[in-house]
Amino acid sequence: MFLKERNTGHLVQVLNMTELINPFEMQTQVQYQQGEDLMDPEYIRKDALTFPSGETLPKCWTDSHYRDHELKRH
């Protein structure tokens, strides 16, 4: 899957989808898609990534507490 780095607009390829969709992982391994040579894989914070359209990643991928407000406390 290809995503975009929020600050620079550079395209990155996500190398580990399990890390990407796991809300308990704060980073995921990516490979920058610049020039003819492949860059070395590196880890990047998920909050620095967006979809190529500019949409943010779903909260269920980035926030392990995204459903806490639904809990009823007795």
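Computed from a predicted model, the values in this text were never measured in an experiment.

How each quantity is defined
- Residues numbered from 1 in each chain as written.
- Predicted model: local features only at pLDDT ≥ 70, side-chain atom pairs only at ≥ 80, totals over all residues.
- Heavy atoms only, no water.
- Patch = residues over 30% accessible without salt bridge, like charges linked within 9 Å, V, L, I, M, F, W, Y side chains within 5 Å.
- Areas by Shrake-Rupley, 256 points an atom, 1.4 Å probe, with all protein chains shown as cover.
- Salt bridge = Lys/Arg side-chain N within 4 Å of Asp/Glu carboxyl O.
- Helix = DSSP H or I, 4+ residues; strand = E, 2+ residues; numbered from the N terminus.
- Buried < 20%, exposed > 50% of the residue type's maximum accessible area, 1.4 Å probe, protein only.
- Pairing = 2+ DSSP bridges.

Participant: It is not clear to me how a nonpolar patch on the surface should be interpreted in this structure. Could you clarify?
Facilitator: On the surface, Met 1, Met 17 and Ile 21 cluster together to form a nonpolar patch covering roughly 250 Å² of accessible area. Along the polypeptide, Met 1 turns up in the segment before β1 (2–5). Here Met 1 falls in the partly exposed class, since its relative accessible area comes to 38%.

Participant: It is not clear to me how the sheet that holds strand β2 (residues 11–14) should be interpreted in this structure. Could you clarify?
Facilitator: As a general point, the strands of a sheet are linked pairwise by backbone hydrogen bonds and lie either parallel or antiparallel. The strand order across the open sheet built from 5 strands is β4-β3-β2-β1-β5, with neighbouring strands paired in antiparallel fashion. Two strands lie at the open edges of the sheet, namely β4 (42–45) and β5 (49–50), each paired on one side alone. In the sheet, β1 pairs with β2 via 3 bridges, with the strands oriented antiparallel. The partner of Lys 4 across the bridge, within β2, is Leu 11.

Everything listed here is a matter of coordinates, which is why it stays silent on function.
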